[in-house]
Amino acid sequence: MNRHNWTRRLRSALGSMLVIACFGAVGCHEKSVKPGINDSYKNADVDKWTARFESESREIYQQRDGILAAVGVAPGMEVADVGAGTGFMAQLFAEAVGTEGLVYAVDITPEFLELILDRMADAGVTNVKTVLCEEDSVKLPAQSVDLVFVCDTYHHFEYPRGSMRSIHRALRPRGQVVIIDFKREPGVSREWIIGHVRAGKDEVVREVSAVGFELLEDVPTPFLEENYMLRFGKTD
């Protein structure tokens, strides 16, 4: 083999290795879809956020029992609550999966995770683990969970492709993702939603489907007015 052909083959091989490594790396070459979207959670005032997240005027909190039933967790399951916030859903999941199950409370805000640990200790809940995630990765072990719950959080994914790929890795075969987020419908949704939420439901479906998931169900949620619920299954 002459030097020219050898060099060309070497470059081709290195290029292929780079593509493979890049595909496997979380968020590789992904641009932020909304820089600074999570700045308000830095050095979080947990009292302020608890009052906001757990207000009876907030649809998600008000309808938490209906959401729990619709998600369909079962005893013994291992579940990740991504964007757990103050942990009220994580606690409900912990009760639903029982002592044989496990819940990962995942969040980007250390103060929220500290609050969750304190609240679970006070309630005697022993099957919740906290995980500090990154902007482009949920930081869960590979094939560690049966279901991932993402509630009013997808629109806070600054790097949605990387975050969803990390969720894909964390799910076991036939694992599921349940996404709840705001309906973004110009002319219908509140102006705050239009300004704050990046993508509507159809765009979310396209983005999630592009990274190894299939839409299983647009879950009927008559108890929710401003939010929708989607169930996705992990594909190979």
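## With respect to the sheet that holds strand 3 (residues 128-132)
Moving on, step 1. If you trace the 7 strands from one edge of the open sheet to the other, you get 3-2-1-4-5-7-6, paired in mixed fashion. In this open sheet, the two edge strands, each paired with only one partner strand, are strand 3 and strand 6 (213-219). Mean inter-strand twist for the sheet, computed between neighbouring axes without regard to direction, equals 20°.
Moving on, step 2. As paired strands, strand 1 (residues 78-82) and strand 4 (residues 145-151) are joined by 4 bridges and run parallel to one another. The residue of strand 4 that forms the bridge with V79 is L147.
Moving on, step 3. Contacts from helix 6 (residues 110-123) reach strand 2 (102-107) and strand 3, with the element oriented near 170° to strand 3.

## Some words on the side chain of H168
Moving on, step 1. Locating H168 in the fold gives a position in helix 7 (residues 160-170).
Moving on, step 2. Residue classification places H168 among the buried positions, given a relative accessible area of 15%.
Moving on, step 3. Discounting residues that sit within four places of it in the chain, H168 has contacts with V211, G212, F213, K234 and T235.

## Things to note about the packing of aromatic side chains
Moving on, step 1. Under the criterion given, the structure shown has 8 aromatic pairs.
Moving on, step 2. Seen in terms of ring centroids, Y41 and F112 are 6.0 Å apart; in terms of plane orientation they differ by 65°. Their pairing is edge-to-face. Separated by 71 residues along the polypeptide, Y41 in the loop between helix 1 (3-24) and helix 2 (46-53) and F112 in helix 6 bring together distant segments of the chain. Grouping residues by exposure puts Y41 and F112 together as buried.
Moving on, step 3. Taken together, the ring pairs connect Y41, W49, F53 and F112 into an aromatic cluster.

## Some points on helix 9 (residues 201-209)
The periodicity of an α-helix, 3.6 residues per turn, causes residues three or four positions apart to be oriented the same way.
Moving on, step 1. Buried within helix 9 are the following residues: V204, V205 and V208. All buried residues of helix 9 project into a common sector of 100° when viewed along the axis, lining one side. Counted as exposed and oriented over 90 degrees from the buried face of helix 9: D202 and R206.
Moving on, step 2. Where helix 9 is buried, its residues contact helix 7, strand 5 (171-182), strand 6 and strand 7 (227-234).

## As for the nonpolar core
Moving on, step 1. Ranked by size, the top nonpolar core spans 31 residues in total, and within it I67, V71, V73, M89, F93, V128 and F149 carry the most contacts.
Moving on, step 2. Elements supplying a minimum of two residues to this core: helix 3 (59-62), helix 4 (64-71), helix 5 (88-97), strand 2, helix 6, strand 4 and strand 5.
Moving on, step 3. The element that contributes the greatest number of residues to this core is helix 5, accounting for 7 residues.
Moving on, step 4. Apart from the residues lying within four places of it in its own chain, the contact partners of V128 are A90, A94, V103, A105, I116 and M120.
Moving on, step 5. Judged by nonpolar contacts, the second largest core, of 29 residues, contains V145, L171, I179 and Y228.

## Some words on the pattern of salt bridges
Moving on, step 1. Evaluation of the coordinates by the stated rule reveals 12 salt bridges.
Moving on, step 2. A salt bridge links D152 to R58; its shortest N-O distance comes to 3.5 Å. Pair noted here: D152 is in the loop between strand 4 and helix 7 and R58 is in the loop between helix 2 and helix 3, with a separation of 94 residues, a long-range link.
Moving on, step 3. Residue D152 is classed as buried on the basis of its relative accessible area of 9%.
Moving on, step 4. For E134, the salt bridge goes to K139, with nearest N and O atoms at 3.8 Å.
Moving on, step 5. Looking at E134, the relative accessible area reads 42%, which means it is partly exposed.
Moving on, step 6. Since its relative accessible area comes to 44%, K139 is described here as partly exposed.
Moving on, step 7. Counted as one network, the salt bridges with shared partners bring together E78, D146 and R172.

## Points about the packing of helix 4 against helix 5
When two helices pack together, their arrangement is given by the angle between the helix axes and by the axis-to-axis distance.
Moving on, step 1. It is at 11 Å that the axes of helix 4 and helix 5 come closest, and there the two elements cross at 50°. One element, helix 4, and the other, helix 5, form an angle in the oblique class. Where helix 4 crosses over helix 5, the handedness of that crossing is right-handed. In this structure, helix 4 uses R64, D65, I67, L68 and V71 to contact helix 5, whose residues at the interface are F88, M89, L92, F93 and A96.
Moving on, step 2. Of the residues contributing to the contact of helix 4 with helix 5, the split by class is 8 nonpolar, no polar and 2 charged.

Scoring rules and cut-offs
- Residues numbered from 1 in each chain as written.
- Predicted model: local features only at pLDDT ≥ 70, side-chain atom pairs only at ≥ 80, totals over all residues.
- Heavy atoms only, no water.
- Pairing = 2+ DSSP bridges.
- Helix = DSSP H or I, 4+ residues; strand = E, 2+ residues; numbered from the N terminus.
- Axes fitted to C-alpha atoms, helices over the stretch in contact; angles between N-to-C directions.
- Contact = heavy atoms within 4.5 Å.
- Buried < 20%, exposed > 50% of the residue type's maximum accessible area, 1.4 Å probe, protein only.
- Phe/Tyr/Trp six-rings, centres within 6.5 Å; stacked < 30°, edge-to-face > 60°.
- Arc of directions from axis to C-beta.
- Core = buried A, V, L, I, M, F, W, Y, C linked by side-chain atoms within 4.5 Å.
- Salt bridge = Lys/Arg side-chain N within 4 Å of Asp/Glu carboxyl O.
- Parallel < 35°, antiparallel > 145°, perpendicular 65-115°, else oblique.
- Left-handed = near helix turned anticlockwise from the far one by under 90°.
- Nonpolar A, V, L, I, M, F, W, Y, C, P; charged D, E, K, R; others polar.

This is a description of form; function is not addressed.
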